[in-house]
Amino acid sequence: MSEVIIGSVLSALSTGLGALIILFMHGSITHSWRDILLAFTAGIMMAASMMGLIPEALAAGGFLPLAAGVFLGVLSLTLLEKNIPHIDLQHSKKGLEFDEKAMLIIAAITLHNIPEGLSVGVSYASSTEDTGNLIAFAIGLQNAPEGFLVALFLVNQKINKFKAFIIATLTGAIEIVTGLLGFYLTSFISILVPYGLAFAAGAMLFIIYKELIPESHGDGNERTATYSFIIGLLFMIFLINIF
């Protein structure tokens, strides 16, 4: 129990760690660097889902629960995207004005973090002890640049740097709650474990292909983003192999 709390808290607070950078910035970062960060985190999440979550789901329940869980994860993210305004942090010049719809934007960012928290919690309910730490670490690595980009978006909307840091940090806090929820559900109803692991994998794959990769390819940095994706993938595989 203590491990899932620590893992959920650390992975969630990584959002604030990334957002902390905004307090020391005197300008902005280039599109190239933002695309590199997004692609790198996409590689990390890909390795975590393909080498951590999916093999665990297969071992725990076989192919049918895996397929059902993956599609459920994808469907959940699809419904979130259709019903909650999506904020393109990288290259879209259109969208909602923060001054007019601040709470709606904050809610959108926060709700998009729900599947990540569930991924961490479900992973700690796995029979393999290291899976939870692996996924918590992967989500934490993904949350850091995400927190920075959210804070940067808010600053670009003329929000005070300190307020942007606080808001970005709080958007990740929901992952603690959903992490505990995912852990308790799959711990007490063991039949849900393979579905939960597969759900987390499906949600992560959706985020990778629908969000991170397209957003890292929107400003002419496709080649460097591709290299960054591969480096992130290999980095996570290296960590899995070592630990």
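None of these values were measured; they are calculated from a predicted model. (Residues numbered from 1 in each chain as written. Predicted model: local features only at pLDDT ≥ 70, side-chain atom pairs only at ≥ 80, totals over all residues. Heavy atoms only, no water.)

Engineer: What's the story with the packing of aromatic side chains in this structure? I'm lost.
Structural biologist: Given two aromatic rings, one states the distance between the centres and the angle between the planes to describe the pair. Applying the stated criterion across every chain, the model contains four aromatic pairs. With 5.9 Å between their ring centres and 65 degrees between their planes, Phe183 and Tyr184 make a pair best called edge-to-face. For Tyr184, a relative accessible area of 36% translates into the label partly exposed. An aromatic cluster of at least three residues, connected via ring pairs, comprises Phe183, Tyr184 and Phe188. (Phe/Tyr/Trp six-rings, centres within 6.5 Å; stacked < 30°, edge-to-face > 60°. Buried < 20%, exposed > 50% of the residue type's maximum accessible area, 1.4 Å probe, protein only.)

Engineer: Help me out: how do you make sense of the confidence of the model for the chain in this one?
Structural biologist: Close inspection of predicted coordinates is inappropriate for parts of the model with low pLDDT. For the chain, per-residue confidence averages 82 on the pLDDT scale, and residues scoring 70 or more make up 86% of the total. Per-element mean pLDDT across the chain ranges from 62 in helix α4 (residues 102-111) up to 91 in helix α9 (residues 222-242). Every residue in residues 89-97 scores below 50 in pLDDT, and together they form 23 contacts with partners more than four places removed in sequence or on other chains. (pLDDT = per-residue confidence, 0-100. Helix = DSSP H or I, 4+ residues; strand = E, 2+ residues; numbered from the N terminus. Contact = heavy atoms within 4.5 Å.)

Engineer: Teacher, can you tell me more about the nonpolar core here?
Structural biologist: Counting residues in hydrophobic clusters, the biggest one holds 54 residues, and the most contacted among them are Ile22, Leu53, Ile135, Leu154 and Met236. At the level of secondary structure, the elements contributing two or more residues to this core comprise α1 (2-19), α2 (31-61), α3 (63-83), α5 (114-124), α6 (129-156), α7 (161-188), α8 (193-216) and α9. In terms of residue count, the dominant contributor to this core is α6 (twelve residues). Each residue touching Ile135, except ones within four places of it in the same chain, is listed here: Ala48, Leu53, Ser119, Val120 and Ser123. (Core = buried A, V, L, I, M, F, W, Y, C linked by side-chain atoms within 4.5 Å.)

Engineer: I keep staring at the side chain of Asn221 and nothing clicks. Help me out?
Structural biologist: Considering the arrangement of structural elements, one finds Asn221 in the loop between α8 and α9. Within the structure, Asn221 has its side chain in polar contact with the side chain of Asp35 (distance 2.8 Å). Beyond its immediate chain neighbours, meaning those up to four positions away, Asn221 contacts His31, Ser32, Asp35 and Ser216. (Polar contact = N/O pair within 3.5 Å; in protein donor to acceptor, adjacent residues only side chain to side chain.)

Engineer: Can you walk me through α3 in this structure?
Structural biologist: Along an α-helix, a turn takes 3.6 residues, which lines up residues three or four apart on a common side. Between the first and last C-alpha of α3 there are 30 Å, a value that for 21 residues agrees with the 30 Å anticipated at 1.5 Å per step. Those residues of α3 lying buried are Pro65, Leu66, Ala67, Gly69, Val70, Gly73, Leu77, Leu80 and Glu81. (Expected span 1.5 Å × (residues − 1).)

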